[in-house]
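# Survey of secondary and tertiary structure
Below, each chain spelled out in residue letters.
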Amino acid sequence: NLVRIYGFCSERSHRMLVLEYAEKGSLADVLFKSKTSLDWKQRFNIALGVAKGLAYLHHECLEWVIHCDVKPENILLTRDFEAKIADFGLAKLSKRGSSSFKLTHMRGTMGYMAPEWALNLPINAKVDVYSYGVVLLEILTGTRISSGITVDGMEIELRQFVQVLKQFLESGDVKDIVDHRLQGHFNPEQAMIMLQVAIACLEERNSRPTMNDIVKELLACADQDDHPAYSW
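Calculation rules
Residues numbered from 1 in each chain as written. Predicted model: local features only at pLDDT ≥ 70, side-chain atom pairs only at ≥ 80, totals over all residues. Heavy atoms only, no water. Helix = DSSP H or I, 4+ residues; strand = E, 2+ residues; numbered from the N terminus. Expected span 1.5 Å × (residues − 1). Buried < 20%, exposed > 50% of the residue type's maximum accessible area, 1.4 Å probe, protein only. 1 Å grid on protein atoms, 1.4 Å probe; cavity = no way out; pocket = protein on both sides within 12 Å on 5 of 7 lines; lining within 4 Å. Points joined across faces, edges and corners; volume = space filled by probe spheres on them. Nonpolar A, V, L, I, M, F, W, Y, C, P; charged D, E, K, R; others polar. Salt bridge = Lys/Arg side-chain N within 4 Å of Asp/Glu carboxyl O. Contact = heavy atoms within 4.5 Å. Axes fitted to C-alpha atoms, helices over the stretch in contact; angles between N-to-C directions. Parallel < 35°, antiparallel > 145°, perpendicular 65-115°, else oblique. Left-handed = near helix turned anticlockwise from the far one by under 90°. Arc of directions from axis to C-beta.

## Some details on helix H5 (residues 126-141)
The end-to-end C-alpha distance of H5, which contains 16 residues, comes to 23 Å, matching closely the 22 Å that a straight helix rising 1.5 Å per residue would cover. Judged by how many residues are buried, H5 sits mostly within the fold: 16 of 16 residues are covered. One or two steps after H5, the chain reaches Gly-142, where phi turns positive at roughly 75°.

## What about the layout of surface pockets?
The calculated volume of the largest pocket comes to roughly 690 Å³. Around the largest pocket sit 29 residues that line it, and Met-113, Ala-114, Pro-115, Tyr-130 and Leu-158 are the ones nearest its centre. Mapped by element, the contributors of at least two residues to the lining of the largest pocket are helix H4 (115-118) and helix H6 (158-171). Counting residues per element, the lining of the largest pocket draws most heavily on H6, at five residues. Its residues placed into classes, the lining of the largest pocket shows 16 nonpolar, five polar and eight charged.

## Side note on the pattern of salt bridges
On inspection of all chains with the given rule, the structure shows 10 salt bridges. Notably, a salt bridge pairs Asp-69 with Lys-71, separated by 3.8 Å at the nearest N-O pair. For Lys-71, a relative accessible area of 16% corresponds to the buried category. Among the ionic pairs, Arg-181 bridges to Asp-179, the shortest N-O distance being 2.8 Å. Looking at Arg-181, the relative accessible area reads 38%, which means it is partly exposed. Salt bridges here are not isolated pairs; linked through shared partners, they connect Arg-43, Asp-179 and Arg-181.

## Points about the environment of Ala-125
Positionally, Ala-125 belongs in the loop between H4 and H5. Sequence-wise, Ala-125 and Cys-68 are 57 residues apart; in three dimensions their C-alpha atoms are separated by 8.5 Å. What Ala-125 contacts, discounting residues up to four positions off in sequence, is His-58 and Ile-66.

## Notes on the packing of helix H3 (residues 40-59) against helix H8 (residues 211-219)
The N-to-C vectors of H3 and H8 enclose an angle of 150°; their axes lie 8 Å apart at closest approach. Classified by the angle their axes make, H3 and H8 are roughly antiparallel. The handedness of the crossing between H3 and H8 is left-handed. Counting all contacts with H3, which are made through Phe-44, Ala-47, Leu-48, Ala-51, Lys-52, Leu-54, Ala-55, His-58 and His-59, the residues of H8 involved are Met-211, Asn-212, Ile-214, Val-215, Leu-218 and Leu-219. Tallied by class, the residues present in the contact of H3 with H8 amount to 11 nonpolar, three polar and one charged.

## Some points on H6
Between its first and last C-alpha, H6 extends 20 Å over 14 residues, near the 20 Å set by a 1.5 Å rise per residue. Taken together, the buried positions of H6 are occupied by Leu-158, Phe-161, Val-162 and Leu-165. On an axial view of H6, the arc spanned by its buried residues comes to 105°, and they lie on one face. Exposed positions of H6 whose direction lies more than 90 degrees from the buried face are Arg-159, Gln-167 and Glu-170. Where H6 ends, the next residue or the one after it, Gly-172, has phi of about 75°, a positive value.

This is the structure we're talking about:
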């Protein structure tokens, strides 16, 4: 689930990799611009694929990699809608065993950047976890959470929206959160887990899960997408 780190490749290799992996374009193209909506199984598999890719970067590379710009535009989709993480131009390598590091300039895209960037705090892999949480909410809702949120006709901040989402989580009913274009055809248990994970990703840094934790959470309900999606 990982495109080679082509931020370190030649310009020619860069172009070849994009051609190889972007048959369906980016997640942003398909999720926000396409006339045909992703079905539930595709959405869940994309969420899981991105989580696996980030977990590999954070936990398995010889030098840990923090992407620093996780967003739908940097998630490419293959012909079979498999997710490939792309564009490592802002990525930061970290020695194994180092818990964090200081960066002199903010990196990333507004709306997906963790609060610690603005607070000038030491940066670690949890910035990618935060960005993944925003992307996960966008996969779930089908809307650009990162560019402003409207609830009952009023614009609210992301942290306020998270409080609203927690109420849905407590009620156990997420049908009003899931993208209405799916017309109720989704797996409620998977949607609940995705919402739970997304909320956890947007908590204070020390409370966020690791990408390995997230992969385990999603894998625990992954086999359920073999049965027909639920209808309400």
